[in-house]
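# Structural description and commentary
In case you want the letters, here they are:
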Amino acid sequence: MIKRANKKIWIYSSFFILSILIGIIVLDLRPDLMMRDGTRYNQIAQGLVNNHEYIAVYGHITYPGYPFFLAIIYKIFGYNIFAVFFIQSILLGLIASLVFYIARRFLHLNYLFSYLAGLIIILWPYLILYSVLIMTEILFIVLLLLFIIRYLIFKESPNVKNAVIMAIILTIAVLIRPIPLLLLPWIIILSLLIKWKYKDFHFNKNIFKKYIIALLLFIFLLSPWIAFSSYKIDRFVPVGSNIYAILNKVNKSYLYERQVFDTKGYEEDAEIVLHKILLVKLKNTYRFWKSGIEGYHAEAVIEKYSATKYLIFIYRVFYFLIIGLGFLSLFFLKKNKHILNLWIILLYFWAFHTAMHTHPRFTLPIIPIIIMFAVFSLSEIKNLILKK
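What you see is a predicted model, and the numbers here were worked out from it, not measured in a lab.

The subject of this paragraph is the overall build of the chain. Looking only at helices and strands, the chain has 18 helices and zero strands in total. The contacts of the chain with a sequence gap of at least 6 include a subset with a gap of at least 24, amounting to 73%. Entry remark: accessible area of the chain is about 19,600 Å², with carbon and sulfur atoms responsible for 68%.

This is the structure we're talking about:
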C-alpha cells in the first residue's frame, strides 16, 4: 500500500516538474502574442484590483471566472503576467495528473498507459501554448476534468452529495467559459435515449431526481451572476453579453465564413438561404477536428524560429494519429462503461460547435478526453495482440 502511494506521489510530482520546466523554456522562447480576449480579461482583472469594480469592455459583460482568477494573481503578485503563465504551467501539470487519475480510476488502465496519457498532455503543443497566454483554456480544462471525475463518480453512486458537488463544479466551469451551459440537460436526455436505444430502458426515479437536484442547484448558483450582468448591461445576459454578437456573426451575418474561412457565396451582400446554412453546419463537423497551429500565430513563431515548421508538420501527423486512435475507442464501448459516459460529454462539445462556430482552440477542452480514448485503444490493441 505504501509502495503504491509512493509511486503515485512520484508520478504526480513528475507531471508538475515537467510542466514547470517546459513552461520556463517556453516563456523564454515565446513570441509576444496577445489575443483580443486576453486584453479584455486583463482590463477587467485590473478594474477589479484597482477600482473594485467589474467593468464592461467593448460594450460587453464578460463571464467572470477567468478575470477573477487573474485578479487574485495580480492582487498577490502585482500586475505580473509571468506569474499568470507560471501558475498556468502548474495547472498544466494538474491537467496531466487528473488525466492520469481518470485513466487509472475509471478506465482501469495500468500505470504505464495512464502515465502515457498524462505525458502526452504535458507535451501537447496547443496546451503548452495556451499555458503561456492570457486565455481561459487551461483553467477551464481543469474545471471540466474535475466535473468529469465527479460525473463519473455520480454515475457509480448517484446520491445527493455527488449531485451537489457536480453542480458546483459545473457552475464554476460555466463562469469561466459558458460553453457547457446546457451540458447537464444534454447528459440527462442522451443518457435516456441511449438506454431506450439499447432496450435497457428503466426509468429510475431516484437517479432522475438526483439529476434534477444537480440541474436546479446549477441554475440557482448561476442566477446571481445572470441577475448582476443583466442589470449591468440593461438586458438579459446568459452568462456573457457577447453571446448576441457571436450569434449574429455565426447565424445571421456569417461573418466568420467571410473573414476566417473566405467561403465564396457568403459575402456581405449575398443572400443566405437554407442550403447555405446547412452547408456551413456540415463543414463545422470536420472543421472541429482541424489540427490548428496555423494562421498569424504560427507564422509569428515560424518567423522567429524557422525550424518550428518541421515540428509543426510532425505535430499534425501525431495529432491525426491520436484522433484516429481516439475514435477507435468506439469499437471498445463494451470493454468499459465509462467510455460511453465520456463520449456523451465529447459529443456535446462537438455538437455545440457544429451548431455555432468552430476553431482549433474550441477543440482543446476535449483533447484530454480524446487522448485518454487513444491510449485506451492502444491498451486494447496490445491486449488483442498478446491474446494471439
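On we go from here.
Attention now moves to the nonpolar core. Of all hydrophobic cores here, the largest spans 113 residues; its most connected members are Trp 124 and Ile 371. Top contributing element to this core by residue count: helix H7 (residues 137-156), with 15 residues. Apart from residues no more than four positions distant in its own chain, Ile 371 is found in contact with Ala 117, Ile 120, Ile 121, Trp 124 and Ile 322.

A cluster of nonpolar side chains, namely Ile 168, Ile 172, Phe 220 and Leu 221, defines an oily patch on the protein surface of about 360 Å² accessible area. At the level of elements, helix H8 (160-176) and helix H10 (205-233) are the ones that each hand at least two residues to the nonpolar patch. Mapped onto the secondary structure, Ile 168 falls in helix H8.

All right, on to the packing of helix H5 (residues 111-123) against helix H18 (residues 367-387) then. Between H5 and H18, the shortest axis-to-axis distance is 9 Å and the interhelical angle comes to 145°. Considering how the two elements wind past one another, H5 and H18 form a crossing that is right-handed. Two secondary-structure elements touch here, H5 through Phe 113, Leu 116, Ala 117, Ile 120 and Ile 121 and H18 through Pro 368, Ile 371, Val 375, Leu 378, Ser 379 and Lys 382. Classifying every residue of the contact of H5 with H18 by side-chain character gives nine nonpolar, one polar and one charged.

The subject of this paragraph is helix H4 (residues 81-105). Given a rise of 1.5 Å per residue, 25 residues ought to cover 36 Å, and the 35 Å separating the end C-alpha atoms of H4 matches this to within 8%. The N-cap of H4, judged by a side-chain oxygen 3.0 Å from the amide nitrogen of Phe 82 a few residues on, is Asn 80.

Moving on to the environment of Gly 93. Within the fold, Gly 93 resides in helix H4. Spatially, the C-alpha atom of Gly 93 lies 6.7 Å from that of Ile 122, the residues being 29 residues apart in sequence. Not counting residues up to four positions away in its chain, the partners in contact with Gly 93 are Phe 15, Phe 16, Ser 19 and Ile 122.

It is worth spelling out the environment of Leu 170 at this point. Position of Leu 170 among the secondary structure elements: in helix H8. Leave out the neighbours within four places in its chain, and Leu 170 touches Phe 147, Pro 180, Leu 183, Leu 184 and Phe 218.

For the rest of this paragraph, the subject is the pattern of salt bridges. Enumeration over the complete set of coordinates arrives at five salt bridges. Linking Arg 40 and Asp 37 is a salt bridge whose minimum nitrogen-to-oxygen distance equals 3.0 Å. With Arg 40 and Asp 37 both in helix H2 (residues 36-51), this residue pair falls three residues apart, about one helical turn. Comparing Arg 40 with Asp 37 shows no difference in burial state: the two are buried. Where Glu 156 meets Arg 105, a salt bridge forms, and the shortest distance between an N and an O atom there is 3.0 Å. Within this pair, whereas Glu 156 is found in helix H7, its partner Arg 105 is found in helix H4, the two being separated by 51 residues in sequence. A residue is classified by how much of its surface remains accessible, and Glu 156, at 36% relative accessible area, is partly exposed. Through salt bridges that share partners, Asp 37, Arg 40, Glu 137, Arg 177 and Arg 361 make up one connected network.

The next thing to look at is the side chain of Ser 230. Tracing the chain through its elements places Ser 230 in helix H10. The class of Ser 230 is buried, set by a relative accessible area of 14%. In terms of polar contacts, Ser 230 uses its side chain to reach the backbone carbonyl oxygen of Ile 226, at 2.6 Å. When neighbours within four sequence positions are excluded, Ser 230 is seen to be in contact with Arg 235, Phe 236 and Val 237.

Direction vectors running N to C along H8 and H10 enclose 35°, while the axes themselves pass 8 Å from each other. Judged by the twist between their axes, the crossing of H8 over H10 is right-handed. When H8 is examined against H10, the residues Val 160, Ala 163, Val 164, Met 166, Ala 167, Ile 168, Leu 170, Thr 171, Val 174 and Leu 175 are found in contact with a partner set consisting of Lys 210, Ile 213, Ala 214, Leu 217, Phe 218, Leu 221, Leu 222 and Trp 225. By residue class, the composition of the contact of H8 with H10 is 16 nonpolar, one polar and one charged.

With that out of the way, let us pick up H8. With 17 residues, H8 extends 25 Å between its outermost C-alpha atoms, agreeing within 8% with the 24 Å of an ideal straight helix rising 1.5 Å per residue. Inspection of H8 places Asn 162, Ala 163, Met 166, Ala 167, Ile 169, Leu 170, Thr 171, Ala 173, Val 174, Leu 175 and Ile 176 among the buried residues, and these make up the whole buried set. One side-chain oxygen at the N-terminal end of H8 lies 3.3 Å from the backbone nitrogen of Lys 161; it belongs to Asn 159.

Of all residues except glycine, most have a negative phi; of all peptide bonds, most are trans. A positive phi angle, close to 55°, is found at His 52, a residue other than glycine. The residue His 52 is located in the loop between H2 and helix H3 (65-77) in this model. Positive phi, close to 55°, is recorded for His 108, a residue that is not glycine. With respect to the helices, strands and loops of the structure, His 108 is situated in the loop between H4 and H5.

What counts and what doesn't
Residues numbered from 1 in each chain as written. Predicted model: local features only at pLDDT ≥ 70, side-chain atom pairs only at ≥ 80, totals over all residues. Heavy atoms only, no water. Helix = DSSP H or I, 4+ residues; strand = E, 2+ residues; numbered from the N terminus. Contact = heavy atoms within 4.5 Å. Areas by Shrake-Rupley, 256 points an atom, 1.4 Å probe, with all protein chains shown as cover. Core = buried A, V, L, I, M, F, W, Y, C linked by side-chain atoms within 4.5 Å. Buried < 20%, exposed > 50% of the residue type's maximum accessible area, 1.4 Å probe, protein only. Patch = residues over 30% accessible without salt bridge, like charges linked within 9 Å, V, L, I, M, F, W, Y side chains within 5 Å. Salt bridge = Lys/Arg side-chain N within 4 Å of Asp/Glu carboxyl O. Axes fitted to C-alpha atoms, helices over the stretch in contact; angles between N-to-C directions. Left-handed = near helix turned anticlockwise from the far one by under 90°. Nonpolar A, V, L, I, M, F, W, Y, C, P; charged D, E, K, R; others polar. Expected span 1.5 Å × (residues − 1). Polar contact = N/O pair within 3.5 Å; in protein donor to acceptor, adjacent residues only side chain to side chain.

The values are spatial; any link to function lies outside them.
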